[in-house]
Amino acid sequence: MHPSFNLVSIIKTLLKWKWMILIATIVSGIVSVLVSVFVLKEYYRSRAIIYPINQGITDRSTLFSEKGESQVEYYGTKNDVNRLLEIASSSPIVDFLINHYKLAEHYNENKQSKYWRTKVKKKFMKNFSVIKTEREAIEISIMDTDPNLASEMVNMAVDKVDEHNKEPVVKNKLRIAARFKEDVEIKRQELDSITSKLNMLGKVYSINVKTDDKGNSMISGPSAEGVELYKTLQQQQQNVLVDFNKMSTLKSQYELSAKENVPSVYVVEKAYPAEKKDKPVRWLICSFSVVITFLLSVLAALLFEQLQFIRQELKNA
């Protein structure tokens, strides 16, 4: 190294190259301004804040509890939050948004090119964010050059997350309701069969049925054996009727609890079109460019002077 390569020599070098350093710095500033203004697109961020709702509040046992007020918590647990995080960033949600809003055309990607879907998805994921906040909520945000489109996509993402989150629960309730519906039909047929037998038995044995003021049935007839058979069959009919009514009630309750218009997320903050761009931050880009260019110019000047000194030393050797 140059023996006199100290602060004084550095200052001398900088003074020698000051105009080149200054010109490079000014040019860098002008170029960065032009690029940030005319080349870089403005992106606007929209976001929504949601909390999971405890889906247990729509359970049949909760909706039709006979033991007084239910103590089920309204909001979900940390497990519900983590599940929503996975759903929100999953391929079904992302692919739906890309296809629904025709982002390939929006991003000017040629569908005839190879791997265009992968390219579109990468561009989208750079501007798509799903995070857990400090207060255990979920923030879904999207940046786009169109502020209206950004907010619309976020709100649609929230709707699809809600739909996917409650889908397995709703389907399970509907499956149970369908099973009860089958059992109800079986009991109905059994009830019809017993009723037909009672009618036939009543005609064969000339059974006379009367109801007293308290609603009790008074069964009489000329044949004691026929009366006993009728009473036995009537009791069987009552037992089947109790089961039929119970299953019909359960079927109706499960169908009601499976109503899909009951949300599984609570929207604290709905997305709206941003008035102010999120990026680029032009002053930061310009400042960074100018500082970096200045430092590189200074370093280049010092290195050039050092190389000149080394060459001179080699010639004199």
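The sections below set out a description of the structure shown in this document. What you see is a predicted model, and the numbers here were worked out from it, not measured in a lab.

Thresholds, definitions, all that
- Residues numbered from 1 in each chain as written.
- Predicted model: local features only at pLDDT ≥ 70, side-chain atom pairs only at ≥ 80, totals over all residues.
- Heavy atoms only, no water.
- Helix = DSSP H or I, 4+ residues; strand = E, 2+ residues; numbered from the N terminus.
- Buried < 20%, exposed > 50% of the residue type's maximum accessible area, 1.4 Å probe, protein only.
- Contact = heavy atoms within 4.5 Å.
- Areas by Shrake-Rupley, 256 points an atom, 1.4 Å probe, with all protein chains shown as cover.
- Core = buried A, V, L, I, M, F, W, Y, C linked by side-chain atoms within 4.5 Å.
- Phe/Tyr/Trp six-rings, centres within 6.5 Å; stacked < 30°, edge-to-face > 60°.
- Lys NZ or Arg CZ within 6 Å of the ring centre and 35° of its normal.
- Pairing = 2+ DSSP bridges.

A few words now on the overall build of the protein. Broken down by element type, the protein carries ten helices and six strands. Within the protein, the proportion of its 317 residues that are buried is 33%. Partitioning the contacts of the protein with sequence separation of at least 6, the portion at a separation of at least 24 is 74%. Carbon together with sulfur atoms contributes 57% to the accessible area of the protein, which is approximately 21,000 Å² in total.

Another aspect to go through is the nonpolar core. In terms of nonpolar packing, the biggest core is built from 30 residues, with Leu103, Phe124 and Ile140 touching the most fellow members. Among the secondary structure elements, those contributing two or more residues to this core are strand 1 (44–52), helix 4 (78–88), helix 5 (91–100), helix 6 (103–106), helix 7 (116–126), strand 3 (138–144) and helix 8 (147–204). In terms of residues, this core owes the most to one element, helix 8, which gives six residues. When sequence neighbours within four positions are dropped, the list of residues in contact with Leu103 reads Leu97, Ile98, Val120, Phe124 and Met153. Core analysis: the next-biggest nonpolar cluster, separate from the first, contains ten residues, Leu191, Leu198, Leu201 and Tyr230 among them.

With that out of the way, let us pick up the packing of aromatic side chains. Tallied over the entire structure, the rule returns two aromatic pairs. Here Trp17 and Phe304 contribute two aromatic rings whose centre-to-centre distance is 5.2 Å and whose plane-to-plane angle is 80°, an arrangement assigned as edge-to-face. Of this pair, Trp17 sits in the loop between helix 1 (7–16) and helix 2 (18–39) while Phe304 sits in helix 10 (residues 282–316), and the two are 287 residues apart along the sequence. On the accessibility criterion, Trp17 (21% relative accessible area) is partly exposed. Measuring from ring centre to ring centre gives 5.1 Å for Phe124 and Phe128, while their planes differ by 25°; the resulting arrangement is stacked. Owing to a relative accessible area of 9%, Phe128 belongs among the buried residues under this scheme. The positively charged end of Lys160 is found above the aromatic ring belonging to Phe96, 4.3 Å away from the centroid.

Taken together, the seven bridges between strand 1 and strand 3 define a ladder with antiparallel strand orientation. Across the sheet, the residue bridging to Arg47 is Ser141, located in strand 3. Sheet analysis places strand 1 next to strand 6 (residues 265–269), joined by four bridges and oriented antiparallel. Opposite Ile49, over in strand 6, you have Glu269 as the bridge partner.

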